Amino acid sequence: MRDNEVRMYACGPTVYDYGHIGNFRTFVAVDLLQRFLRQSGYKVQYVMNITDVDDKIIRNSARDGVTVQQFTAKYEKAFIEDAALINIEQPKLARATEHIPQMADFVAKLVEKGIAYRTDDGSFYFRIATFPRYGQLSKKDFKGMLDGARVDVDEYDKDSARDFALWKGPKPGEASWQTSIGPGRPGWHLECSVMSMQELGESFDLHAGGEDLVFPHHENEIAQSESLTEKPFAHFWFHARFLLVEGEKMSKSLGNFFTLRDLVLKGHKPSSLRYLLASVPYRNQLNFTFDGLKQAAVSVDRLRNFRLRLSAGNFPEGSTPAMQLLATETVAHMRAALDDDLNTAQAQGAIFEMVRQTNAAFDAGQVNKDDVAPLISALTKFDEIFAVIDDDDAPKIKRVVEWARAEGREKEVSKELLDFIQSAELSDADIEKKISAMKAARASRDFKTSDRLRAELFDSGVIVEITKDGIRWRRK
Ligand code: AMP
Ligand code: ZN
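Starting from 1, residues in each chain are numbered consecutively following that chain's sequence as written. For this description, chains carry letters from A and ligands carry numbers from 1, given in the order in which they are written. Predicted model: local features are reported for residues with pLDDT of at least 70 only, side-chain atom pairs are reported and counted for 80 or more only, and whole-chain, interface and lining totals are derived from all residues. Calculated side-chain values reflect all of the structure's heavy atoms, with hydrogen atoms and water omitted.

## Observations regarding the packing of helix α8 (residues 270-278) against helix α9 (residues 290-312)
Right, so step 1: Fitting a line to C-alpha atoms yields each axis, with helices limited to the stretch in contact; the angle taken between N-to-C directions then spans 0 to 180 degrees. Numbering of helices and strands runs from the N terminus, with a helix taken as a DSSP run of H or I at least four residues long and a strand as a DSSP run of E at least two residues long. Direction vectors running N to C along α8 and α9 enclose 105°, while the axes themselves pass 8 Å from each other. By the angle between their axes, α8 is roughly perpendicular relative to α9. On α9, the residues touching Ser 271, Ser 272, Leu 273, Tyr 275 and Leu 276 of α8 are Gly 292, Leu 293, Ala 296, Ala 297, Ser 299, Val 300, Leu 303 and Arg 304.
Right, so step 2: Each residue is assigned to one class: nonpolar for Ala, Val, Leu, Ile, Met, Phe, Trp, Tyr, Cys and Pro, charged for Asp, Glu, Lys and Arg, and polar for all the others, Gly among them. Residues belonging to the contact of α8 with α9 are distributed by class as follows: eight nonpolar, four polar and one charged. Each angle gets one of four labels, with under 35 degrees taken as roughly parallel, over 145 as roughly antiparallel, 65 to 115 as roughly perpendicular, and the rest as oblique. Two residues form a contact once any of their heavy atoms are found within 4.5 Å.

## Notes on the coordination of the zinc ion (ligand 2)
Right, so step 1: Donor atoms are limited to N, O and S found within 2.8 Å of the metal ion, a distance that becomes 3.2 Å for Na, K and Ca. With water left out, some sites might look partial. Each protein donor to the zinc ion (ligand 2) is listed here as Cys 11 (SG), Cys 192 (SG) and His 217 (NE2); together their distances run 2.0 to 2.2 Å.
Right, so step 2: As a motif over one chain, the donors of the zinc ion (ligand 2) read C-x180-C-x24-H. You can see Cys 11 sitting in the loop between β1 (5-10) and α1 (21-39) and its partner Cys 192 sitting in helix α5 (residues 188-200), a full 181 residues away along the chain. You'll find Cys 11 and Cys 192 in the same group, each marked buried. Each residue's exposure class comes from its accessible area (1.4 Å probe, protein chains only) as a fraction of the maximum for that residue type: buried when under 20%, exposed when over 50%, partly exposed otherwise.

## Considerations on the pairing of strand β15 (residues 470-475)
Right, so step 1: Paired strands are those between which DSSP finds at least two bridges. As paired strands, strand β14 (residues 462-467) and β15 are joined by six bridges and run antiparallel to one another. Across the sheet, residue Glu 465 finds its bridge partner in β15, namely Arg 472.
Right, so step 2: Counted between consecutive antiparallel strands, the loop separating β14 from β15 contains two residues.

## Here's the deal with the site of ligand 1
Right, so step 1: Throughout, the term near means that a residue has one or more heavy atoms lying within 4 Å of the molecule or strand in question. Around ligand 1, 16 residues are found, and the nearest of them are Gly 22, Thr 26, Gly 210, Asp 212 and Leu 243.
Right, so step 2: Counting of polar contacts relies on pairs of N or O atoms within 3.5 Å, with two restrictions inside protein: one atom must be capable of donating a hydrogen and the other of accepting it, and residues adjacent in sequence are counted only when both atoms are side-chain atoms. One of the backbone N or O atoms of Thr 14 is found 3.1 Å from an oxygen atom in ligand 1.
Right, so step 3: Per-residue and other accessible areas follow the Shrake-Rupley method at a 1.4 Å probe size, with only the shown protein chains counted as cover for residues. Isolated, ligand 1 exposes 490 Å² of accessible area, and the fraction of that covered by the protein chains is 89%.
Right, so step 4: Every element with two or more residues in the shell around ligand 1 is listed here: α1 and β9 (204-210).
Right, so step 5: Examining the composition of the shell around ligand 1, we find that five residues originate from one element, α1, more than from any other.

Written out as structure tokens, the structure is:
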């Protein structure tokens, strides 16, 4: 590691359709990791690729009669919006089609070293027999593998080792680029090696993706990169276990295939989705269920109500040592849980234990004014990672509904959802209540709380102006 800096790379989406909850399970897991590393004091450089050329993209853009660029632009935009919908902080994005010359140069260097070879159709293959460590990451034993047997599709049989396509020669009707090694397009594995090393250096700290990428994708990335540089490629690998839906593999034919937008249109809040996707540690199987999603919504509401109770409540002067201790211990428990291979379930458990004990203390009149700040600070630490307490669900849901209307999918907008959006429009009395809480916070110089309330009002369509004569508000 360099100067307290973590350089990490995640395999991003192939932008040929809207991402599904399985994809976002993995992206949320990596988001939690990078947030936790930052909270732990590291400077994080986080890069994610956008695969904007591959077999499926070429096929689907031809089907829709648009160029590859038009096609991918739509789904790249959708990916960025969906990630923001569930508070995934945007990494630095690197597009495959913007690195084509570097990819061709990479292949040329492998040819020079006798590791890659060209076939008659202008494609280039990686000769895996030159890389004895092949199979080490996936713990597969490829002794006796067939030297020279080839495969040119991006994903292939999970148990056999084949020379894989680094570069695919041009085919009629397919996107292709003129390069130093001739015309054609990059293979998927090559894209990630080139972009990760260009952005983060030949050796970097961590490489992430879903568990399906271990073999062959990541195995191939290691083989290409380490053959070229003769240095270790990534020091750590982070693979999120695949998500199931109601105990089954997600698939369109089973009717259990969901994008984030599908679920929002069914009436689920973005914060419930994020909470649920974050609730199972990345190494464990997450079984996505509608019961679980409802439970997640209840959990998020409890946290939000708890914070409101703390920030808007009137407590007697002074402090209670037990409360101070509870806040400190909660922060320590959360840290220990996340330090333990990112045990998100335990970290959530720790915050709920604090909520439970504090609620009991509220009822017993044992919470004092000076206890509020440490308890809020523990919540803030939690939310720096989980990012569900600040409530901006309503405006986000509104945007999804607008999108559905633009796409001619208004029929899918449930009545429940329209009601929710309407009820989320605050009444004057609700607004006045929040303004009073803002005034109280400002009077005790708690500007953080005041700013948060102001942001919440803004998200609900209310603009708050603070003037020397007091606080004024108007609807947007
Ligand atoms: P793709 O867009 O298919 O290239 O996938 C983007 C990311 O989502 C990759 O890291 C995949 O490993 C991951 N992924 C795909 N399906 C699932 C799933 N069911 N559960 C978790 N991660 C997944
Ligand atoms: Zn990749």
